[in-house]
Amino acid sequence: MIEKHDMWMQRALREAEKALAHEEIPVGAVVVLNDEVIGRGYNQTESLNDPTAHAEMIAISAAANTLQSWRLDSCSIYVTLEPCAMCAGAIVLARFQKVIIGAMDPKAGACGSLRNIVQDHRLNHQVELLSGVLEEESSDILKRFFQRIRIRKSGKTE
């Protein structure tokens, strides 16, 4: 099963690379149902001037459109960075079966770091959670992005 998780996380990492190419924070997500990607997304908050244009939100919308249903209860979502509170809430509302995370986000994560919205028993739905899938790769792409920003701000060339 680990190999399948790695394969789907690689797909999410490809989405994150698209974000990196557009100078967005490189986070990618894919929604999987029956061994098929039915939704994908990468961060587009800067290019769309939309604070909700996170990778997960775009992937969730695409999956819901594919299924013509907001209920994604048989689906798994693979995301390269731990979802924030907004995205974790959307994952719960869509009734996902599983969320699989690459790197955890100690500053904004809502799937175990700062809070754990997806497994909060006070809510009407809880989501299975697996973290650390291709963690190093997921972390590295973020480090590259923020290193580029620091270099630009310092006035040095890359």
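Draft legend 1. Quick look at the pattern of salt bridges. Scanning the entire structure with this criterion turns up six salt bridges. The partner of Arg40 in a salt bridge is Glu15, with the nearest N and O atoms 3.8 Å apart. With Arg40 in strand E2 (residues 36–42) and Glu15 in helix H1 (residues 2–21), this pair connects stretches of sequence that are 25 residues apart. The buried category is assigned to Glu15, whose relative accessible area is 3%. For Arg144, the salt bridge identified is with Glu17, shortest N-O distance 3.1 Å. One end of the pair, Arg144, is in helix H5 (residues 135–154); the other, Glu17, is in helix H1, with 127 residues separating them in the sequence. What makes Arg144 partly exposed here is its relative accessible area of 37%. Overlapping salt bridges, with partners in common, bring together Glu15, Lys18 and Arg40 in one network.

Draft legend 2. View of the environment of Leu33. For Leu33, the position within the fold is in strand E1 (residues 28–33). Taking the C-alpha atoms as reference points, Leu33 and Pro106, 73 residues apart in sequence, are found 29 Å from one another. Residues within four places of Leu33 in sequence aside, it is in contact with Ile38, Leu67, Ser74 and Cys75.

Draft legend 3. Seen up close, the nonpolar core. Residues Val31, Ile60, Ile77, Ile91, Phe96, Val99 and Val118 are the most contacted members of the largest nonpolar core, which totals 29 residues. Looking at this core, the elements with two or more residues in it are E1, helix H3 (55–67), strand E3 (76–81), helix H4 (85–93) and strand E4 (98–103). Among all residues touching Val31, those that are not within four sequence positions of it are Glu36, Val37, Ile38, Gly39, Ala59, Ile60, Ala63, Cys75, Ser76, Ile77 and Phe96. Formed by 15 residues, the second largest nonpolar core is a distinct cluster that contains Leu13, Val32, Val37 and Ile100.

Draft legend 4. Quick look at the packing of aromatic side chains. In this structure the tally under the stated criterion is one aromatic pair. Relative to Phe146, the ring of Phe145 has its centre 4.9 Å away and its plane inclined at 80°; by these criteria the two rings are edge-to-face. On the basis of relative accessibility, which here comes to 34%, the residue Phe146 falls in the partly exposed class.

Draft legend 5. Layout of empty space enclosed by the protein. In the structure shown here, the tally under the stated rule is one cavity of 30 Å³ or more. Contributing to the lining of the largest cavity are Leu20, Glu23, Phe145, Arg148, Ile149 and Arg152. Per-element accounting of the lining of the largest cavity gives the leading share, four residues, to H5.

Draft legend 6. Seen up close, the sheet that holds E2. Within the open sheet, the five strands sit side by side as E2-E1-E3-E4-E5. Their pairing is mixed. Both outer strands of the open sheet, E2 and strand E5 (128–131), are each paired with one neighbouring strand and no more. Going across the sheet, the axis of each strand differs from the next one's by a mean of 15°, ignoring polarity. As paired strands, E3 and E4 are joined by five bridges and run parallel to one another. Its bridge partner being in E4, Tyr78 is matched across the sheet by Ile100. Where H5 meets the sheet, its contacts fall on E3 and E4, and the angle it forms with E4 comes to roughly 60°.

Here is what the cut-offs are and how they apply
Residues numbered from 1 in each chain as written. Predicted model: local features only at pLDDT ≥ 70, side-chain atom pairs only at ≥ 80, totals over all residues. Heavy atoms only, no water. Salt bridge = Lys/Arg side-chain N within 4 Å of Asp/Glu carboxyl O. Helix = DSSP H or I, 4+ residues; strand = E, 2+ residues; numbered from the N terminus. Buried < 20%, exposed > 50% of the residue type's maximum accessible area, 1.4 Å probe, protein only. Contact = heavy atoms within 4.5 Å. Core = buried A, V, L, I, M, F, W, Y, C linked by side-chain atoms within 4.5 Å. Phe/Tyr/Trp six-rings, centres within 6.5 Å; stacked < 30°, edge-to-face > 60°. 1 Å grid on protein atoms, 1.4 Å probe; cavity = no way out; pocket = protein on both sides within 12 Å on 5 of 7 lines; lining within 4 Å. Points joined across faces, edges and corners; volume = space filled by probe spheres on them. Pairing = 2+ DSSP bridges. Axes fitted to C-alpha atoms, helices over the stretch in contact; angles between N-to-C directions.

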